[in-house]
Amino acid sequence: MTPVAVTVLVSGGGTNLQALLDALRDSAVARVARVVASGADAGALERATRAGVSTAVLADPDDPAEVVTATGDARLVVLAGYVKRIPAAAVARLRWRVINIHPALLPGFGGPGMYGRRVHEAVLASGAALSGATVHYVDEEYDRGPIIAQWPVPIRSGDTPDTLAARVLEVEHRLLPQVVLALARLGLPERPVRFSAAGATFVTGDELVVEIE
């Protein structure tokens, strides 16, 4: 079996990229084949270089042809801390092959400008009892594509945006590789799929199970 080639798009430091690099390093199912950054200052590029993964920097993230070309021969494209909108024409070319991870339980707390600390501030200001991480398909709008999987994170008394962000990030690092591997094992279906926890709650050792929608 040839591992599914994965291209990861990044804009920042790349901790989710690192989680993927670590999880897929010896995998026969999927591998990180390329890392593409929205700017040359993305710290994630150093992580890719250390892992021996080829890198590229987009000259114009709004150019759909450049975005598609930059993904190379990847069968799956993962946005991991990528803050630019994928151009509509590129989404159409890569339909059901581009996924994103978001640090909240969508459809709440998503949309333009909702990334990083702003998300956690909004969650806490809302009085919600739960936050979490969501992996979803990318469509033409920010954070609106069909949800693939979610992992809840209870909000604790006294939480700050920083403490909540740290716990959600730990969950992101576990959820994203699981989703990538599960999609690869399914052969990357050309229609939405939804994963859920095998157990009643997400705890260490739980695996994702598949529901075809």
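This structure is a prediction, so every number in the text was calculated from the model and none was measured.

As for the overall build of the protein
When helices and strands are tallied, the protein shows 6 helices and 9 strands. Taking 2.2 N^0.38 as the reference for a compact globule, 213 residues should give roughly 17 Å; the C-alpha atoms of the protein span a radius of gyration of 16 Å, in line with that estimate. C-alpha atoms of the protein, sized along the principal axes, occupy 45 × 35 × 35 Å. Within the protein, the fraction of its 213 residues that count as buried is 48%. Pairs at least 24 residues apart make up 64% of the contacts formed inside the protein by residues separated by at least 6 positions. A total accessible area of about 9,800 Å² is found for the protein, and carbon and sulfur atoms account for 51% of it. Computed over 20 positive and 23 negative side-chain charges, the inter-centroid distance for the protein is 2 Å.

Re the sheet that holds strand S1 (residues 4-10)
Each strand in a sheet pairs with its neighbour through backbone hydrogen bonds, running either in the same direction (parallel) or in the opposite one (antiparallel). Taking strand neighbours across the sheet as the criterion, the 7 strands line up as S3-S2-S1-S4-S5-S6-S7 in an open arrangement whose pairing is mixed. Because the sheet does not close on itself, it has two edges, and the strands there are strand S3 (54-57) and strand S7 (147-154). Neighbour-to-neighbour, the strand axes of the sheet open up by a mean angle of 20°, direction not taken into account. Taken together, the 7 bridges between strand S6 (residues 130-137) and S7 define a ladder with antiparallel strand orientation. Within S7, the residue paired with Gly 132 across the bridge is Pro 152. Against the sheet, helix H6 (residues 161-185) makes contact with S1, strand S2 (30-37), strand S4 (76-79), strand S5 (98-102), S6 and S7, and its axis sits at roughly 150° relative to S7, the strand it touches most.

A look at the packing of aromatic side chains
A complete count under the given rule lists 1 aromatic pair for this structure. Between Trp 96 and Tyr 137, the aromatic rings sit 5.2 Å apart at their centres with planes inclined by 85°, giving edge-to-face as the arrangement. Here Tyr 137 lies in strand S6 and Trp 96 lies in the loop between helix H4 (88-93) and S5, a separation of 41 residues in the sequence. A relative accessible area of 26% places Trp 96 in the partly exposed class. By relative accessible area, Tyr 137 is classed as buried at 2%.

Quick notes on the pairing of S5
Burial analysis of S5 places 5 of its 5 residues in the buried class, the great majority of the element. Here S5 shows a buried face lined by Val 98, Asn 100 and His 102 and a second buried face lined by Ile 99 and Ile 101. As a crossover connection, the stretch from S4 through H4 into S5 is right-handed. Bridging between S5 and S6 involves 4 bridges; their strand directions are antiparallel. Paired with His 102 across the bridge in S6 is Thr 134.

Structural notes on the pairing of S3
Here S2 runs beside S3; their pairing, made up of 4 bridges, is parallel. Its bridge partner being in S3, Val 35 is matched across the sheet by Thr 55. Each parallel crossover has a hand, and for S2 linked through helix H2 (residues 44-50) to S3 it is right-handed.

Some words on the pattern of salt bridges
Taken as a whole, this structure holds 6 salt bridges when the rule is applied. One salt bridge in this structure joins Arg 95 and Glu 140, with 2.8 Å as the shortest N-O distance. Of the two residues, Arg 95 is situated in the loop between H4 and S5 and Glu 140 in the loop between S6 and S7; the sequence distance between them amounts to 45 residues. The exposure class assigned to Arg 95 is partly exposed, which follows from its relative accessible area of 32%. For Glu 140, a relative accessible area of 29% puts it in the partly exposed group. Notably, a salt bridge pairs Glu 121 with Arg 117, separated by 3.0 Å at the nearest N-O pair. Of this pair, Glu 121 and Arg 117 both sit in helix H5 (residues 117-126), separated by 4 residues, roughly a single helical turn. Take Arg 117: its relative accessible area is 45%, and that puts it in the partly exposed class. Here the salt bridges share partners, and the residues they tie into one network are Arg 117, Glu 121 and Asp 162.

Thresholds applied
- Residues numbered from 1 in each chain as written.
- Predicted model: local features only at pLDDT ≥ 70, side-chain atom pairs only at ≥ 80, totals over all residues.
- Heavy atoms only, no water.
- Helix = DSSP H or I, 4+ residues; strand = E, 2+ residues; numbered from the N terminus.
- Rg over C-alpha atoms; globule rule 2.2 N^0.38 Å.
- Buried < 20%, exposed > 50% of the residue type's maximum accessible area, 1.4 Å probe, protein only.
- Contact = heavy atoms within 4.5 Å.
- Areas by Shrake-Rupley, 256 points an atom, 1.4 Å probe, with all protein chains shown as cover.
- Lys, Arg positive; Asp, Glu negative; His and termini not counted.
- Charge placed at Lys NZ, Arg CZ, Asp CG, Glu CD.
- Pairing = 2+ DSSP bridges.
- Axes fitted to C-alpha atoms, helices over the stretch in contact; angles between N-to-C directions.
- Phe/Tyr/Trp six-rings, centres within 6.5 Å; stacked < 30°, edge-to-face > 60°.
- Right-handed = clockwise from strand over helix to strand, strands pointing away.
- Salt bridge = Lys/Arg side-chain N within 4 Å of Asp/Glu carboxyl O.

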